[in-house]
Amino acid sequence: MDILETIANDVVEGEMDEITDHVQEALDSGLEAKTVLDDGMLKGMNTVGELFKEGEMFVPEVLMSAKTMDEGMQLIKPLLKEGDVTKAGVIVMATVKGDLHDIGKKLVCMMLEGAGFEVYDLGVDVTPEAISEAVKEKKPDIVGMSAMLTTTMLSMQDTCAMLRQDAVTKDVKIMIGGAPANPDVATEMGANYSADASAAVDLAVSLIG
Ligand code: B1M
């Protein structure tokens, strides 16, 4: 197995203690940081997405893979040159007002980052006003909202309404997800629905076209 395959494998297997040495070895051998990122770590993360989609990997393993990728990125980030990373798009993500659940949303953020999106995670219990402000400031391609309580679907609805009423934010694409969400409520809100982290990546890619 060559060093890039080894690094991809580290991400898939969640080998947090190994990846730093392997990334360093790849860089010492003269490989560009971008090559290590694209043909090593991101290749591994794509495999993670596929395995998760096929039900062959589960949430705790995906979280380990994401953390492993994060470890490797610590060495790579300072070496990446302007233009090295092709951004897939910019996404502002939040768990809506009244809702403190963030495990699923974090997983969605990690998978989106793994797929090359620049993600601004606003955290949990985020008001419609704060989401609207972030959209004005970051000018994202997509706003992602997560809710796990039936009651907080109302916050999601309020946020969509607020975004659609403001001339500056009315055209932003909206993605929603979480246990009480479904395609019908998404359509009612003028948003798009995806069921899990892997589907969220596919949806984000298709929304950006
Ligand atoms: Co809460 N909780 N909880 N809880 N909790 C649920 C959601 C619940 C279903 C449990 C139950 O009663 N069976 C229930 C909701 C019932 C309902 O409204 N229909 C519930 C309740 C009632 C509550 C409290 C009200 C309990 C109380 O205090 N009386 C309270 C509410 C607090 C609040 O938010 N204001 C509460 C609190 C908590 C904890 C803080 C203890 C903790 C959250 C910790 C945290 O997130 N940091 C917690 C947890 C852990 C759960 C359960 C057990 C697990 C949720 C989870 O993390 N799942 C949950 C029961 C359950 O689901 N089995 C439950 C794993 C995660 C990977 O999956 O979040 O579904 P999930 O995310 C998936 C998809 O939904 C999707 O992709 C993710 C990855 O595949 N997805 C998106 C999510 N967001 C997306 C966004 C997208 C696209 C896809 O695009 C933008």
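Located above this text is the structure these notes cover.
Residues numbered from 1 in each chain as written. Predicted model: local features only at pLDDT ≥ 70, side-chain atom pairs only at ≥ 80, totals over all residues. Heavy atoms only, no water.

Per the secondary structure count, the protein chain includes nine helices and five strands. Listed by position from the N terminus, the elements making up the protein chain come as α-α-α-α-β-α-β-α-β-α-β-α-β-α. A compact globule built from 209 residues should have a C-alpha radius of gyration of about 17 Å, and the protein chain, at 18 Å, falls within 12% of that. By its C-alpha atoms, the protein chain is 55 × 35 × 25 Å across when sized along the principal axes. (Helix = DSSP H or I, 4+ residues; strand = E, 2+ residues; numbered from the N terminus. Rg over C-alpha atoms; globule rule 2.2 N^0.38 Å.)

Contact geometry for helix 3 (residues 33–53) and helix 5 (residues 103–114): axes closest at 9 Å, N-to-C directions at 135°. Compared by their axis directions, helix 3 and helix 5 come out oblique. Helix 3 and helix 5 meet at a crossing whose hand is left-handed. Across from Leu 42, Met 45, Gly 49 and Phe 52 in helix 3, the residues of helix 5 making contact are Leu 107, Met 110, Met 111 and Gly 114. Of the residues assigned to the contact of helix 3 with helix 5, the class counts are six nonpolar, two polar and no charged. (Axes fitted to C-alpha atoms, helices over the stretch in contact; angles between N-to-C directions. Parallel < 35°, antiparallel > 145°, perpendicular 65-115°, else oblique. Left-handed = near helix turned anticlockwise from the far one by under 90°. Contact = heavy atoms within 4.5 Å. Nonpolar A, V, L, I, M, F, W, Y, C, P; charged D, E, K, R; others polar.)

For helix 1 (residues 3–13), the tally of buried residues reaches eight of eleven residues, placing the bulk of the element in the interior. Taken as a whole, helix 1 has its buried residues at Ile 3, Leu 4, Thr 6, Ile 7, Ala 8, Asp 10, Val 11 and Val 12. Where helix 1 is buried, its residues meet helix 2 (16–28), helix 3 and helix 4 (59–76). One side-chain oxygen of the residue at the start of helix 1 lies 3.1 Å from the amide nitrogen of Leu 4, identifying that residue as Asp 2. In the stretch just after helix 1, Gly 14 is the one whose phi turns positive, near 65°. (Buried < 20%, exposed > 50% of the residue type's maximum accessible area, 1.4 Å probe, protein only. Polar contact = N/O pair within 3.5 Å; in protein donor to acceptor, adjacent residues only side chain to side chain.)

This part takes up the pattern of salt bridges. Summed over the entire model, instances satisfying the criterion amount to eight salt bridges. Here Lys 106 and Asp 102 are joined by a salt bridge, their closest N and O atoms 3.5 Å apart. A salt bridge links Asp 121 to Lys 105; its shortest N-O distance comes to 2.9 Å. One end of the pair, Asp 121, is in strand 2 (residues 117–121); the other, Lys 105, is in helix 5, with 16 residues separating them in the sequence. Residues participating in the shared-partner salt-bridge network are Glu 50, Lys 53 and Asp 202. (Salt bridge = Lys/Arg side-chain N within 4 Å of Asp/Glu carboxyl O.)

This part covers the packing of helix 5 against helix 9 (residues 197–208). Packed helices, taken two at a time, are described by their axes: the angle between them and the distance between them. Running from amino to carboxyl end, helix 5 crosses helix 9 at an angle of 50°, the nearest separation of the two axes being 9 Å. It follows that helix 5 is oblique to helix 9 by the angle criterion. In the packing of helix 5 onto helix 9, the handedness of the crossing is right-handed. Taking contact as the criterion, the partners of Leu 107, Val 108, Met 111 and Leu 112 in helix 5 are, on helix 9, Ala 197, Ser 198, Ala 200, Val 201 and Ala 204. Here the residues of the contact of helix 5 with helix 9 sort into eight nonpolar, one polar and no charged.

Attention now goes to the nonpolar core. Counting 42 residues, the largest nonpolar core has Ile 7, Val 36, Leu 37, Met 41, Ile 76 and Leu 112 as the members making the most contacts within it. At the level of elements, helix 1, helix 2, helix 3, helix 4, strand 1 (89–95), helix 5, strand 2 and helix 9 are the ones that each hand at least two residues to this core. Considering each element in turn, this core owes the most residues, nine residues, to helix 3. Excluding its chain neighbours within four sequence positions, the residues that come into contact with Ile 76 are Val 23, Leu 27, Ala 33, Val 36, Leu 37 and Met 41. Counting 19 residues, the second-largest nonpolar core is a separate cluster that includes Cys 160, Ile 174, Ala 186 and Ala 191. (Core = buried A, V, L, I, M, F, W, Y, C linked by side-chain atoms within 4.5 Å.)

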